[in-house]
Amino acid sequence: MNRPFEGIYIALATPFTDGQPDPAKLRDNIRKYNAVDLAGYLVLGTTGESVSVSDTEAEALVAAAVETAAPGRKIIVGAGREATALALEFTNRMATLGAAGALVRPPMFFKSLLGQAALVHHFWTLADGSRMPILLYNFPQLTGIGLESELVLELSGHPNVAGLKDSSGHLALLQEVVPYVDSRFSFLIGAGSAVLPGLLLGASGGILAVANVMPDQCAALYRLFRQGKLDEALGLQRGLVAVNRAVTETYGIPGLKHALDLLGYHGGPPRAPLPPLGPGGRQRIETLLREVGLLR
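Cut-offs and rules
Residues numbered from 1 in each chain as written. Predicted model: local features only at pLDDT ≥ 70, side-chain atom pairs only at ≥ 80, totals over all residues. Heavy atoms only, no water. Salt bridge = Lys/Arg side-chain N within 4 Å of Asp/Glu carboxyl O. Helix = DSSP H or I, 4+ residues; strand = E, 2+ residues; numbered from the N terminus. Buried < 20%, exposed > 50% of the residue type's maximum accessible area, 1.4 Å probe, protein only. Pairing = 2+ DSSP bridges. Axes fitted to C-alpha atoms, helices over the stretch in contact; angles between N-to-C directions. Parallel < 35°, antiparallel > 145°, perpendicular 65-115°, else oblique. Left-handed = near helix turned anticlockwise from the far one by under 90°. Contact = heavy atoms within 4.5 Å.

Trainee: Sorry, what's going on with the pattern of salt bridges here?
Mentor: Close approach of charged atoms lets side chains of opposite charge pair. For the structure on display, the rule yields 8 salt bridges. Arg27 is paired through a salt bridge with Glu67; the nearest N and O atoms lie 2.4 Å apart. Of the two residues, Arg27 is situated in helix 1 (residues 23–33) and Glu67 in helix 2 (residues 55–68); the sequence distance between them amounts to 40 residues. For Asp55, the salt bridge goes to Arg81, with nearest N and O atoms at 2.7 Å. Placement of the pair is Asp55 in helix 2 and Arg81 in the loop between strand 5 (74–78) and helix 3 (84–95), with a sequence separation of 26 residues. With a relative accessible area of 26%, Asp55 lands in the partly exposed category.

Trainee: So what exactly am I meant to see when it comes to the sheet that holds strand 9 (residues 186–189) here?
Mentor: Each strand in a sheet pairs with another by means of backbone hydrogen bonds, the pair being arranged parallel or else antiparallel. Read around the closed barrel, 8 strands run 1-4-5-6-7-8-9-10, paired in parallel fashion. This sheet shows a mean twist of 25 degrees between the axes of neighbouring strands, independent of strand direction. Across 4 bridges, strand 4 (residues 40–43) lies against strand 5 in parallel orientation. Paired with Gly40 across the strands is Lys74, a residue of strand 5.

Trainee: What is the right way to read the packing of helix 1 against helix 2 from this model?
Mentor: Packed helices, taken two at a time, are described by their axes: the angle between them and the distance between them. Taken N-terminus to C-terminus, the directions of helix 1 and helix 2 make an angle of 30 degrees; their axes are 9 Å apart at the nearest point. By the criterion of interaxial angle, the relationship of helix 1 to helix 2 is roughly parallel. Regarding helix 1 and helix 2, the two cross each other, and that crossing is right-handed. For the pair formed by helix 1 and helix 2, the contact residues are Pro23, Leu26, Arg27, Ile30 and Arg31 on the first element and Ala60, Leu61, Ala64, Ala65, Glu67 and Thr68 on the second.

Quick look at the structure:
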């Protein structure tokens, strides 16, 4: 295969100390993850609270990730902005730091006025001007805009559009896109509950929030799939579902960060206005981690 982005990437959480991003703690987390057979890391995606971080703060976090990641690990940066010009400026700023790709969501504030032609213009302009490859980001539950297969197929013709991360949790887009794109196009699953089904249907890997707390299991699932050991991979996939639901849907980023704290990583509180997890949620996260064997 010649896809530029394959395998499992962790959609990293961003540690904060006294309300400020903490690159040193991010480095500590990455050093631990470097021991796992991963393809790389997404910095400042949804899980990284990207909308709550300034461009200057982002620069420090991305620089820390690039400098700390093990050799061969690719750094993807969440680069969505509401204005095309701002997204392009930020993307190229991150490219100078050594990032390997930019994950770009659609602009969403004026969603009612953004038809397919406007979205194509936005992404095509970014791809034309970007100094690194662009990955489209489909997360309609968050943005309110679903990237339809026709739009993805049109954009896939641009040589600097390297692929797509699909966090919808559904596999329809995958089936409508993968058979019709060039082999260089990377389709990455963004939902931990759908990794193995996605791989079986032609996805090239995943960018996963649940991999923050289950990195070994996510990496092993991908390895077993590549080895054709599907029964073993299925067992791991089933083991991801409950934890993935807890840290992405039920309790979200506050729950994920509490799980990181319990497992010896730097999680800490989310950045306001996101509230920290309450006592009941903390107890349920701890119980779940014990039930699946992550905590003794």
